[in-house]
Structures are given as structure tokens and as C-alpha cells.
Amino acid sequence: PPLEFIPIAEKTKDIISIGNSIILQACDFINKLKSLEYDEICVSINISAIQLLHKGFVKNLLDMVKRKNVNPGSIILELTESIFSSKLEEINTILGELNGYGIESSIDDFGTGYSSLSRERDLYVNCLKIDKSFIDKLMFLKTEETITGIIISMAHILGHSVVAEGVEDKKQMQYLKAHGCDKVQGYLISRPLDDEMAIE
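Throughout what follows, the structure given in this document is the object of discussion. If you're wondering where the values come from, they're calculated on a predicted model, not measured in any experiment.

Section: the side chain of serine 106
Part 1 of the reasoning: Within the secondary structure layout, serine 106 lies in strand β3 (residues 104-110).
Part 2 of the reasoning: With residues up to four places along the chain from it excluded, the contact list for serine 106 reads Ile76, Leu77, Glu78, Leu79, Val125, Cys127 and Lys129.

Section: the environment of valine 65
Part 1 of the reasoning: Assignment of secondary structure puts valine 65 in helix α4 (residues 57-67).
Part 2 of the reasoning: Measuring from C-alpha to C-alpha, the distance between valine 65 and isoleucine 75 comes to 9.3 Å, with 10 residues separating the pair along the chain.
Part 3 of the reasoning: Leave out the neighbours within four places in its chain, and valine 65 touches Cys27, Val70, Pro72 and Ile75.

Regarding helix α8 (residues 148-157)
Part 1 of the reasoning: Burial in α8 covers these residues: Thr148, Gly149, Ile151, Ile152 and Ala155. Here the buried residues of α8 occupy an arc of 160 degrees about the axis, which is enough to place them on one side.
Part 2 of the reasoning: Tucked inside the fold, the buried residues of α8 contact β3, β4 (127-130), α7 (132-137), β5 (161-164) and α9 (170-178).
Part 3 of the reasoning: Of the residues one or two after α8, glycine 159 is the one with positive phi, at around 90 degrees.

Looking at a nonpolar patch on the surface
Part 1 of the reasoning: Taken together, the side chains of Leu36, Tyr38 and Ile41 make up a nonpolar region of the molecular surface, amounting to roughly 270 Å² of accessible area.
Part 2 of the reasoning: Checked against the element boundaries, tyrosine 38 lands in the loop between α2 (15-35) and β1 (43-46).

So, the sheet that holds strand β6 (residues 183-184)
Part 1 of the reasoning: Read across the sheet, 6 strands follow the order β1-β2-β3-β4-β5-β6 without closing on themselves; strand pairing throughout is parallel. Each edge of the sheet is formed by a strand with only one pairing partner; in this case those strands are β1 and β6.
Part 2 of the reasoning: Across 3 bridges, the pairing between β3 and β4 is parallel. By the bridge assignment for β4, isoleucine 107 is matched with leucine 128.
Part 3 of the reasoning: This element, α2, spans β1 and β2 (75-80) of the sheet and lies at about 175 degrees to β1.

Some points on the packing of aromatic side chains
Part 1 of the reasoning: Scanning all chains against the criterion turns up 0 aromatic pairs.
Part 2 of the reasoning: When the ring centre of tyrosine 187 is taken as origin, the NZ or CZ atom of arginine 191, which lies over that ring, is 4.0 Å away.

Details of the packing of α2 against α4
Part 1 of the reasoning: Contact pair α2 / α4: the axes reach a minimum separation of 10 Å and the direction vectors enclose 30 degrees. As far as their axial angle goes, α4 and α2 are roughly parallel. At the point where α2 passes α4, the crossing takes the right-handed sense. Facing Asn20, Ile23, Leu24 and Cys27 of α2, the residues of α4 in contact are Asn60, Leu61, Met64, Val65 and Arg67.
Part 2 of the reasoning: Here the contact of α2 with α4 is built from residues that sort into 6 nonpolar, 2 polar and 1 charged.

Topic: unusual backbone geometry
Part 1 of the reasoning: Its identity is not glycine, yet asparagine 69 carries a phi of approximately 55 degrees, on the positive side.
Part 2 of the reasoning: Assignment of secondary structure puts asparagine 69 in the loop between α4 and β2.
Part 3 of the reasoning: Residue asparagine 69 is classed as exposed on the basis of its relative accessible area of 59%.
Part 4 of the reasoning: With phi around 55 degrees, aspartate 109 is a residue other than glycine that occupies positive phi space.
Part 5 of the reasoning: Considering the arrangement of structural elements, one finds aspartate 109 in strand β3.

Cut-offs used in this document
Counting restarts for each chain, with residues numbered from 1 along the sequence as it is written. Side-chain atom pairs in this predicted model are given and counted only at pLDDT of 80 or more, local residue features only at pLDDT of at least 70, and totals for whole chains, interfaces and linings cover all residues. Here the side-chain values reflect all heavy atoms present in the structure, with hydrogen atoms and water set aside. Here a strand is any run of E in DSSP of at least two residues, a helix any run of H or I of at least four, and the numbering for each starts at the N terminus. It only takes one pair of heavy atoms within 4.5 Å for two residues to be counted as in contact. Between buried and exposed lies partly exposed: a residue is buried under 20% and exposed over 50% of the maximum accessible area for its type, with that area taken using a 1.4 Å probe on protein chains only. Note that the arc is computed from the directions linking the helix axis to the C-beta atoms. Residues with no salt bridge and a relative accessible area higher than 30% make up the patches, which join like charges within 9 Å and nonpolar side chains (Val, Leu, Ile, Met, Phe, Trp, Tyr) within 5 Å. Exposure was quantified through the Shrake-Rupley algorithm and a 1.4 Å probe, taking into account, for residues, occlusion by the shown protein chains and nothing else. Each reported salt bridge corresponds to a side-chain nitrogen of Lys or Arg within 4 Å of a carboxyl oxygen of Asp or Glu. Pairing between two strands requires that DSSP report at least two bridges joining them. The axes used here are C-alpha line fits, helices contributing only the stretch in contact, and every angle between their N-to-C directions lies in the interval 0 to 180 degrees. Aromatic rings from Phe, Tyr and Trp, taking only the six-membered ring of Trp, are treated as a pair when their centres fall within 6.5 Å; an angle between ring planes under 30 degrees marks them as stacked, one over 60 as edge-to-face, and anything in between as tilted. A ring is considered to have a charge above it if a Lys NZ or an Arg CZ atom is located within 6 Å of its centre and within 35 degrees of its normal. For classification purposes, an angle smaller than 35 degrees is called roughly parallel, one larger than 145 roughly antiparallel, one from 65 to 115 roughly perpendicular, and anything else oblique. Should the near helix be turned anticlockwise from the far one by less than a right angle, the crossing is termed left-handed; should it be turned clockwise, right-handed. Amino acids are sorted into nonpolar (Ala, Val, Leu, Ile, Met, Phe, Trp, Tyr, Cys and Pro), charged (Asp, Glu, Lys and Arg) and polar (every other residue, Gly among them).

What follows is the structure in C-alpha cells.
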């Protein structure tokens, strides 16, 4: 499982070569979507802090994107929230540079790590992905007891779009629609799919 092999891959720095392979696969998938006239679909790629901070990451990423003839605007980099607990300025500088090339970024599992909504305004981040733990609570808390809607509102005020993770029930979907959540992901929509099944 990823929770087991990713920490090992990061410790050995193998995550860099694995990450490059995943980026290339994502570019191939974007081209496959484009050939089927799905030109406006973006593909998210999970990025490790080790990858992002590795010397030459931006150039390497742009070289792969150019080699695959992919529009940089079709790529969103997903970073876990804990990545911002150290080297914040360095990471933000890299994200700003990528943003200048049209590559957006999102904070994954938002609300579980180094959260600070006041700091989010200063980050070159386009999207917040609300962690599944908040979405799970929508099943048993009263509407007035949840803070998910407040998180969505504050994210919008800060200029971010919002994705809800782990949506599994229509009750959760109704709440998120009512509170203006931009997108959702989870088993209610689909389980994880390979590229062929996703296109079908």
C-alpha cells in the first residue's frame, strides 16, 4: 500500500525516479484524453516534498511536459498539507514559478496538518482539497455543528476552489452542493480506475 512504500521510497530517494515515471504516464493520459477531444480536463499528479525540493525539479517537469507536447495548464500538482510545515518560502517560490507557466497546485488532505487559513492567502495554491475526515462527519453531525461549509466559504474568500475528498453518500453530496463546494471525489462518483476504465 502507498502508506508503506512511499515513506521507504522517500527515504531512499527512489521517489524521484518513481515520480518522474508517474509524470510521464500522466502526460500520456492527457494526450489520450486530447485525442478523444476531452481538451479541457485537467489531470492531478501527487508530488512528494522530496521531488519538489530536488534540484532542477521545475526544469525537469517542464522538459517532460514539452517532450510530451502537453499543455502545462492541463496539469495540477497535489501536495499534502504537511509539506508546508518546513521550507515554506522555498516551496512557495517553486509553486509561484510553476504557476507562471500555467501549472496549478492544490493542497491535499486540507485540515489535517499544518493548517493556517491566514497563510493560505500568500501561497501560490489554486485549490484546497478538504480531507475525508470532515466529509465523514457530515453523516452524523447536525448541519449547524459542522465546519465544512465554513471552510468552503473561507477558501472561496481566499480565492481558492474547493474539492471534497471521500464523498460516499448522497447526504454528503447534498450538503456540499448547498454550501457551494466546487468539485467532489469519492466512491459515490467512482472507485479508483485505470486510464482505460476512466475513459470508458
